[in-house]
Protein chains: 2
Amino acid sequence: MTRFALTIEFDGGPYMGWQWQDHGPSVQGAIEEAIFKTTGEKTLVYSAGRTDAGVHALGMRAHVDVEKGLSSFRLMEAINAHLRPHPIAILHCEEVADDWHARYSCIGRAYEYRILNRRASLTLEKGRVWRVGPHLDADAMHAAAQILVGVHDFTTFRSTACQSASPVKSLERLNVRREGQHVIVEAAALSFLHHQVRSMVGCLVAVGLGRWTADDLQAALDAADRSALAENAPPEGLYFVRAIYP
Amino acid sequence: MTRFALTIEFDGGPYMGWQWQDHGPSVQGAIEEAIFKTTGEKTLVYSAGRTDAGVHALGMRAHVDVEKGLSSFRLMEAINAHLRPHPIAILHCEEVADDWHARYSCIGRAYEYRILNRRASLTLEKGRVWRVGPHLDADAMHAAAQILVGVHDFTTFRSTACQSASPVKSLERLNVRREGQHVIVEAAALSFLHHQVRSMVGCLVAVGLGRWTADDLQAALDAADRSALAENAPPEGLYFVRAIYP
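Residues numbered from 1 in each chain as written. Chains lettered and ligands numbered in written order. Predicted model: local features only at pLDDT ≥ 70, side-chain atom pairs only at ≥ 80, totals over all residues. Heavy atoms only, no water.

Per an unreviewed UniProt entry, the recorded name for chain A is tRNA pseudouridine synthase A, and the organism is Sphingorhabdus rigui. Its UniProt record gives chain A a comment under Catalytic activity (unreviewed entry), which states: "uridine(38/39/40) in tRNA = pseudouridine(38/39/40) in tRNA". (UniProt positions renumbered as here; feature names shortened; annotations may be inferred.)

Here it is, written out as structure tokens:
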């Protein structure tokens, strides 16, 4: 048996999310099927994060144990061939130690949320960004975002379906910057609650629009109550960018 | 009658090209239909360039004459509303003089061609770039590209269906740069022949792969013969970026 670490890019649009579901297509299911076609082995692919329906990945990390003797390059090429026409690609594959675990060995996760701030409808970026029409003050968003950095009870920013044992998380970084008509939010932490990034972005947009002040964001955090949320940003603007390992 | 200049962004994927066709959808046809729904007027929308099927635009310029009294902002908003769900958006609309002509007043056109240089299949950029698997030497491509800059007979790089009176064109700029795994080709000229940018990119890729030397590119240009072409790059990597006016 050899354990392989995979780096995966995918368009989350057509999937119910990363995790296998019995009622619709999943990224995990598509990759496990491609591995089955490659090796004849039923496997479980473990990922660093379980993204929601519609959420994309630029560099998801995962691992899988394979019995058949294949080099990492041949395995990657075969999985990619069998993945077509799925919008999922293995960008990198390498052998790792048997105790390396994509989820439990991970010491950091980074997401990016992309907003296109303009009135006109989406064309080339449809399904790739959240379009927000009125002008966003990205500087005000960045300043307010710093309220959320650090160790907090993030109950307000947590889906009611979240299975995490505790709502207390340490948010390492939350940066907002404007690039032309795009507003980009970068978030990094050891781990996130379910919907945490999208919920934080939804509240930062309320600040960017002038509907909320930084004090309103502070009050929403302090409330530790899901009903204090401004808005949950839609999934299509969210990208799992990278997982960090020791 | 008021003449309006439009700046248009579109995903060329679903269309036969810019120009109205009786056998399939066109960008021009979609915009003229949206204007008809707005004003009840049958109009002709003239553009700076007639892009091929599958070619995109970030900033196509066009003009249209409208009888109905509407401000440029109201006209733009109404056209955009009637364009949905077409992946076409009017980004800007302004009143211009009656003799301003999107095609004949234009003194410069700029295109960008986007290549993703990697082995793995496309996911998020499907339909947005040309994927080239083997490594491309972008520096060699840029150096060779300078052979094509200036006034030349571009017959080798011209579609047999091209309707231009002369194959002699002045190419102002042809720059190639690498941005991570992307290789970007920028082309600027007063005007281009049909398929000229895609044909130049196809030959530059032959250089980047080491299949052609710069001398081979020179020989292909000198041949002034379509059969000397290396390859016509596919449409989905090409973007009409901007049109310049005095």
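After that view of the structure, there is still more to cover.
Asks: Before we go on, may I ask you to explain the overall build of chain A in this structure?
Replies: Helices and strands together make up the secondary structure of chain A, namely five helices and ten strands. Here the C-alpha radius of gyration of chain A, 19 Å, is about what a compact globule of 246 residues would show, namely 18 Å. For the C-alpha atoms alone, the extent of chain A along its principal axes is close to 60 × 40 × 30 Å. Residues classed as buried in chain A amount to 54% of the 246 residues present. Here the analysis covers contacts within chain A between residues at least 6 apart in sequence; of these, 71% occur between residues at least 24 apart. (Helix = DSSP H or I, 4+ residues; strand = E, 2+ residues; numbered from the N terminus. Rg over C-alpha atoms; globule rule 2.2 N^0.38 Å. Buried < 20%, exposed > 50% of the residue type's maximum accessible area, 1.4 Å probe, protein only. Contact = heavy atoms within 4.5 Å.)

Asks: When you look at the packing of aromatic side chains in this model, what are you seeing that I'm missing?
Replies: Two aromatic rings, taken as a pair, are described by how far apart their centres are and by the angle between their planes. Under the counting rule described, the total for this entry stands at twelve aromatic pairs over all chains. When the centroid spacing of 6.2 Å and the interplanar angle of 85° are considered together, the rings of A:Tyr113 and A:Trp130 count as edge-to-face. Placement of A:Tyr113 in strand 5 (residues 108–117) and of A:Trp130 in strand 6 (residues 130–132) is noted, with a sequence separation of 17 residues between them. By the burial criterion, A:Tyr113 is buried, and A:Trp130 matches it. Pairing B:Phe154 with B:Phe157 gives two aromatic rings, centres 6.1 Å apart and planes at 65°, and the pair type is edge-to-face. Across this residue pair, the class does not change: B:Phe154 and B:Phe157 are buried. An aromatic cluster of three or more residues is present, and its members are A:Tyr111, A:Phe192 and A:Phe240. One Lys or Arg, A:Arg114, reaches over the ring of A:Tyr239 and ends 4.1 Å from the middle of that ring. (Phe/Tyr/Trp six-rings, centres within 6.5 Å; stacked < 30°, edge-to-face > 60°. Lys NZ or Arg CZ within 6 Å of the ring centre and 35° of its normal.)

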